[in-house]
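# Structure at a glance
Residue strings, one per chain:
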Amino acid sequence: MAKRRRSIGKGTIATIVVIIILLAGIAGYYEYSQFTKPPPTLTIGFMVGVTTLDPAKVYIQNGAYDVMNNIFDPLVRLNPQTLQLEPSLAINWTANANFTVWTFWLRKNVKFTDGTPFNASAVKFTFDRILQMGTGPAFELSPILNSVNVINNYEVQFVLKKSIPFFEYMISGPEFGIVSPTAVLKEGNNFGTEPVGTGPFYVVKYTTSQIILKANPDYFLGPPKIKTVIINVYQSSSTAALALKSGEIQLIWDPLQAMNPTDIKSLENVSGIVVKTWEKPYLSYLGMYTGPNRPLSNPLLREAIAYAINRSAIIDKVLGGFGYVPNSVVPPQITGSVQSYNYTYNMTKAEQLIKEAGIKPGQVTLIAGYPSGNEVRQAVLTYIASQLSQLGINVQLTPVTTAAWIQGLNNGAFDLFVIALAPDYPNPYGWLQMFTSQAIPNPNRWHYVNPQVDSLISSALSSGGNTQLANVYYAQAQKIIGQQVPAIPLWGMEGYYLMSSKLHGLPYPDLLPTMCLWLYPAYLS
């Protein structure tokens, strides 16, 4: 007997079709999730390590500044092209007639990345904390800031001890980024590794070798186009160059010129890589520790060293032509800089000064410290050591970790060191403050003390907005410093971008002194 064939109803067919469509959709989604790219990620190679991200503990530390510039916002920002101030967390500001009281009106509806509100109390907390801790930028604030007063939630007033016509410029850098009071109280000493600001990015991972940032979706200017930033710290410039060529990273950030010039040139004319260079108001110095009972407390020895160093040869032979010879401790691009460093290469004059100082060959040994892996500083110090050997001066090269090097600069462990310094604002004071006694040990790394220089710079600050008068005082200070040589302006630095042609939107900071990395407008094609 034949079996009856069971018919399939329309409802059953419809159910099967739905199941097939769902299965196809699941399979398609699985394939999509396996092979499509994640949200845009920018990977950067840093040529300098980061020891902390706490603004109250940092002053003129590249690497740290570049990260902090993207996780904290100051009250005002300096435009990298125009050097004009622009609103940031403050939307407006004004000063009284003699520049001793500054009032800032704050942006509303801004939150820290921990969800807590930004307001005038957070501003006061940030600046009070800097003064109380006495580290980082405190040396700059303590002599001038009397108090910070909360007028209301969105109005804050700074009362100064003296007239400062450019106070708003002084607080425009990342070291004055506003911190979350809640996060500081929660993290305590760990705030440097768990920082919280209002910036376009926030930290999700921090180690000395890698930092990972995520975009702040609630940033007051709108979320960044880059969703994830990975920062890898490289010890070798050749390794960083290879990583850029391979596409492993899209940007080499090297504000301190740690890259070997040979490796920079190897990136030129490489398809898919952009190399931009420019002269910047950013000087590298040979610092000399002038503290008591040390060899370089003798000004005759410092003068002899100044004559013995061929700065042009360092630029040509060691730096591959990347740089220029400055004639002051203040860069020539800054209004108020005057020619005040008049030591030119003259070994005969250097030998005469050594004899005048009563120093015999082999009598003096100088410790030259530098961060291990910084090939440029090692090469520069090696070249200087060879020149000083002609005077019978021994130089002991001492590579140390970045943290140990910074600590060594603070406590005077090194007689010689190469250091690049630049402030946040285009005023001679930004550089000359590095030679004031109240700036010891940071940024006055040479521990130089001269009451006359202190008095001149204080008089410039008290000039009541008279720029011409202030520059007269600044010029006198530059000439004294140039004669006494606590630091030699070795070379003016050339900035450079080494990046993938797929990376766009980075400001081209041909004028900005600090040249801090600003990732908010960046995007990948």
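Because the structure is a prediction, the values reported are computed rather than measured.

Once that is clear, we can look at helix H9 (residues 299–308). With respect to burial, H9 is a largely interior element, seven of its 10 residues being buried. Among the structural elements, strand E12 (273–288), helix H11 (347–356), strand E13 (365–371), helix H12 (375–389), helix H16 (467–484) and strand E16 (487–500) are those in contact with the buried residues of H9. Where H9 begins, the side chain of Asn298 points an oxygen toward the backbone nitrogen of Leu300, at a separation of 2.9 Å.

Our next topic: the packing of H9 against H11. Angle between the axes and distance between the axes: these two values describe a pair of packed helices. With their axes 8 Å apart at the nearest point, H9 and H11 run at an angle of 165° to one another. With respect to each other, H9 and H11 are oriented roughly antiparallel. Helix-helix and strand crossings are classified by hand; for H9 and H11 the assignment is left-handed. For the pair H9 and H11, the contacting residues are Leu300, Leu301, Glu303, Ala304, Tyr307 and Ala308 in the first and Met347, Lys349, Ala350, Leu353, Ile354 and Glu356 in the second. Partitioned by chemical class, the residues of the contact of H9 with H11 number nine nonpolar, no polar and three charged.

In contact at an axis separation of 8 Å, helix H15 (residues 451–461) and H16 are set at 160° when each is read in the N-to-C sense. Between H15 and H16, the angle falls in the class roughly antiparallel. For the pair H15 and H16, the sense of crossing is left-handed. Each of Gln452, Val453, Leu456, Ile457, Ser459, Ala460 and Leu461 in H15 lies in contact with H16, whose residues at this interface are Ala470, Tyr473, Tyr474, Gln476, Ala477, Ile480 and Ile481. Class assignment for the residues of the contact of H15 with H16 results in 11 nonpolar, three polar and no charged.

The way to describe two aromatic rings as a pair is by their centre distance and the angle between their planes. Inspection of every chain in the model, using the stated rule, returns 19 aromatic pairs. A ring pair is formed by Tyr341 and Tyr343, whose centres lie 5.3 Å apart and whose planes are at 50°; its orientation type is tilted. Per residue, the accessibility class of Tyr341 equals that of Tyr343, and both read buried. Clustering of aromatic rings is evident, with ring pairs tying together Trp93, Phe99, Trp102, Phe104, Phe127, Phe158, Phe167 and Phe176. The lysine or arginine in question, Arg77, covers the ring of Trp518, its NZ or CZ lying 3.9 Å from the ring centre.

Below, the discussion takes up the side chain of Ser88. Among the structural elements, Ser88 can be located in the loop between strand E3 (85–87) and strand E4 (90–95). Overall, the relative accessible area of 2% leaves Ser88 in the buried class. When near neighbours in sequence (up to four residues on either side) are disregarded, Ser88 contacts Asp73, Pro74, Leu75, Val76, Arg77, Arg107 and Phe220.

So, about the nonpolar core. Residues Ile44, Leu75, Phe104, Phe127, Phe158 and Trp446 are the most contacted members of the largest nonpolar core, which totals 110 residues. Of all hydrophobic cores here, the second largest spans 45 residues; its members include Tyr282, Leu286, Met288 and Ala420.

Now for the sheet that holds strand E5 (residues 101–106). Strand order in this open sheet of four strands is E4-E5-E7-E6, and the pairing throughout is antiparallel. Each having just a single partner strand, E4 and strand E6 (145–152) make up the two edges of the open sheet. Looking at each pair of strands side by side, their axes are set apart by 20° on average, direction ignored. Where E5 and strand E7 (residues 155–160) come together, five bridges link them in antiparallel fashion.

Per the stated rule, a full pass over the model turns up four salt bridges. A salt bridge links Lys124 to Asp128; its shortest N-O distance comes to 3.0 Å. One end of the pair is Lys124 and the other is Asp128, both in helix H3 (residues 120–133) and four residues apart, which spans about a single turn. For Lys124, a relative accessible area of 28% puts it in the partly exposed group. Where Asp415 meets Arg294, a salt bridge forms, and the shortest distance between an N and an O atom there is 3.1 Å. One end of the pair, Asp415, is in the loop between helix H13 (402–411) and strand E15 (416–421); the other, Arg294, is in the loop between E12 and H9, with 121 residues separating them in the sequence.

We now examine the environment of Ala313. Its location among the elements puts Ala313 in helix H10 (residues 311–318). Not counting chain neighbours up to four residues away, the residues in contact with Ala313 comprise Val318 and Tyr383.

Attention now moves to the confidence of the model for the protein. Residues with a pLDDT of 70 or more make up 89% of the protein, whose mean pLDDT is 88. Within the model, the stretch residues 1–8 combines pLDDT values under 50 with one contact to residues more than four positions away or in other chains. Note on residues 13–38: pLDDT under 50 across the span, and one contact to partners over four residues away in sequence or across chains.

Let us look at helix H7 (residues 237–246). Residues three or four positions apart in an α-helix share a direction because the helix packs 3.6 residues into each turn. Among all positions of H7, only Ser237, Ala240, Ala241, Ala243 and Leu244 are buried. Down the axis of H7, the buried set is contained in an arc of 160°. They therefore lie on one face. More than 90 degrees from the buried face of H7, the exposed residues found are Leu242 and Ser246. On its buried side, H7 packs onto strand E11 (251–253), helix H8 (261–267), E12, H12 and E16. Just past H7, the residue Gly247 takes up positive phi, approximately 90°.

Basis of the calculations
- Residues numbered from 1 in each chain as written.
- Predicted model: local features only at pLDDT ≥ 70, side-chain atom pairs only at ≥ 80, totals over all residues.
- Heavy atoms only, no water.
- Buried < 20%, exposed > 50% of the residue type's maximum accessible area, 1.4 Å probe, protein only.
- Helix = DSSP H or I, 4+ residues; strand = E, 2+ residues; numbered from the N terminus.
- Contact = heavy atoms within 4.5 Å.
- Polar contact = N/O pair within 3.5 Å; in protein donor to acceptor, adjacent residues only side chain to side chain.
- Axes fitted to C-alpha atoms, helices over the stretch in contact; angles between N-to-C directions.
- Parallel < 35°, antiparallel > 145°, perpendicular 65-115°, else oblique.
- Left-handed = near helix turned anticlockwise from the far one by under 90°.
- Nonpolar A, V, L, I, M, F, W, Y, C, P; charged D, E, K, R; others polar.
- Phe/Tyr/Trp six-rings, centres within 6.5 Å; stacked < 30°, edge-to-face > 60°.
- Lys NZ or Arg CZ within 6 Å of the ring centre and 35° of its normal.
- Core = buried A, V, L, I, M, F, W, Y, C linked by side-chain atoms within 4.5 Å.
- Pairing = 2+ DSSP bridges.
- Salt bridge = Lys/Arg side-chain N within 4 Å of Asp/Glu carboxyl O.
- pLDDT = per-residue confidence, 0-100.
- Arc of directions from axis to C-beta.

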